[in-house]
Amino acid sequence: MRVLVTGGAGFIGSHLCETLLLDGHEVICADNLFTSTKENIYSFLAHPRFEFLRHDIIHPLFVEVDQIYNMACPASPIHYQYNPVKTVKTNVIGTLYMLGLAKLVTARILQASTSEVYGDPQVHPQKEDYWGFVNPIGPRSCYDEGKRVAETLMMDYHRQNGVEVRIARIFNTYGPRMSVDDGRVVSNLIVQALKGEPLTLYGDGEQTRSFCFVSDLVLGLKALMDQDSTIGPVNLGNPHEITIRELAETILELTESSSGIEYRPLPVDDPVRRRPDISRARDILGWEPRVGLREGLAATVDYFRSHLES
Ligand code: UDP
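Rules and cut-offs
Residues numbered from 1 in each chain as written. Predicted model: local features only at pLDDT ≥ 70, side-chain atom pairs only at ≥ 80, totals over all residues. Heavy atoms only, no water. Core = buried A, V, L, I, M, F, W, Y, C linked by side-chain atoms within 4.5 Å. Buried < 20%, exposed > 50% of the residue type's maximum accessible area, 1.4 Å probe, protein only. Contact = heavy atoms within 4.5 Å. Near = heavy atom within 4 Å. Polar contact = N/O pair within 3.5 Å; in protein donor to acceptor, adjacent residues only side chain to side chain. Areas by Shrake-Rupley, 256 points an atom, 1.4 Å probe, with all protein chains shown as cover. Helix = DSSP H or I, 4+ residues; strand = E, 2+ residues; numbered from the N terminus. Nonpolar A, V, L, I, M, F, W, Y, C, P; charged D, E, K, R; others polar. Pairing = 2+ DSSP bridges. Right-handed = clockwise from strand over helix to strand, strands pointing away.

1. Here we look at the nonpolar core
Formed by 58 residues in total, the largest nonpolar core has its most connected members in V5, F50, Y69, M71, L221 and L236. Once residues within four sequence positions are removed from consideration, F50 is found in contact with C17, L21, V27, C29, I41, F44 and L45. Listed in part, the 23 residues of the second largest apolar core include L4, A72, V105 and V165.

2. Brief notes about the site of the ligand
Of all residues adjacent to the ligand, which total 17 residues, the nearest are V185, T200, R209, D270 and R274. Taking R274, its side chain carries an N or O atom lying 2.8 Å from an oxygen atom of the ligand. Coverage of the ligand by the protein chains reaches 96% of its 510 Å² of free accessible surface. Where the shell around the ligand is concerned, the elements lending two or more residues are α5 (185–195) and β8 (199–202). At 3 residues, β8 tops the list of elements feeding residues into the shell around the ligand. The residue inventory of the shell around the ligand, partitioned by class, reads 6 nonpolar, 5 polar and 6 charged.

3. Considerations on the environment of L217
Looking at the element boundaries, L217 is found in helix α6 (residues 214–226). By relative accessible area, which is 0% here, L217 ends up buried. Along the chain, L217 and T173 lie 44 residues apart, while their C-alpha atoms are 7.4 Å from each other. In this view, L217 contacts I12, I170, T173, C212, L236 and W287; residues no more than four positions away in its chain are not counted.

4. Remarks on the pairing of strand β1 (residues 2–6)
Of all 5 residues that make up β1, 4 are buried, and the element is covered over most of its length. Direction of pairing for β1 relative to strand β2 (residues 26–31): parallel, over a ladder of 5 bridges. Along β2, the bridge assignment pairs L4 with I28. With respect to chirality, the unit in which β1 leads through helix α1 (residues 11–22) into the neighbouring parallel β2 is right-handed. Summarising the sheet, β1 and strand β4 (residues 67–70) pair through 4 bridges and their orientation is parallel. Its bridge partner lying in β4, V5 is registered against Y69.

This is the structure we're talking about:
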């Protein structure tokens, strides 16, 4: 098949492109390189079935494809809040254009949605039928509400135009190719530990997240795209929930770092707890994460170590 991956030079997008190439597909990667980098796709840039387009999805794009993975959008809170209007445009106008393309060329389209659609959840763990608790006017809203509208657009194109859609709600994901300075907790803490700088814990570090290794996530995305029984939404994430303090301790241990801890104020609207209920993914896709946290973190530490050295 010919597959378009928007945001294909990003952290998750680049792993997805690489896996799709290994599966034998022709891959078109569209990316504006706003928060991503060509370095992420460097190892397969010259592959005969790979094509890179520097393209921003807030402008129309026409390519003949069979599948579209709409992954494009800055995903770290620092990056998506840097230009919040652009974040909304990417999620609303960008998704509209991608859905228009899917309709025109009769492609199946998968939307990279997010656990942020649940906001600061009042239900725990989060199931797909929970409608969420989202602040519509806060600093995270450009991303949270943007992604919620993207889901709405997917469902409306499906109901109104019969477009074949798939919605994946992606929970915290980590692994090689996260950018050193993207401000997310896993990259921040590993880089700080490797540099011998204090690890920054926001708030008291008792807030929780559940971290999924990127190779597991990519398998989940493909499983959702390639099956015919559900359009979603389907939660994709690792249900192993830990506090941010525990994460920091594990990173200190794996890096054998003597860094201390530095407490910083908790960002506005920072969710207190987050853990996916993945029963739907297990039942319908036969998918669940296989890589444990320590194993995944060790691979990520190796990546950042060699990245920092180079
Ligand atoms: N966090 C932290 N130190 C950091 C970066 C993040 O304690 O250097 C916290 C952040 O406040 C949040 C959690 O770690 O509670 C996860 O943050 P991240 O930005 O990775 O993603 P989020 O799940 O909030 O979108």
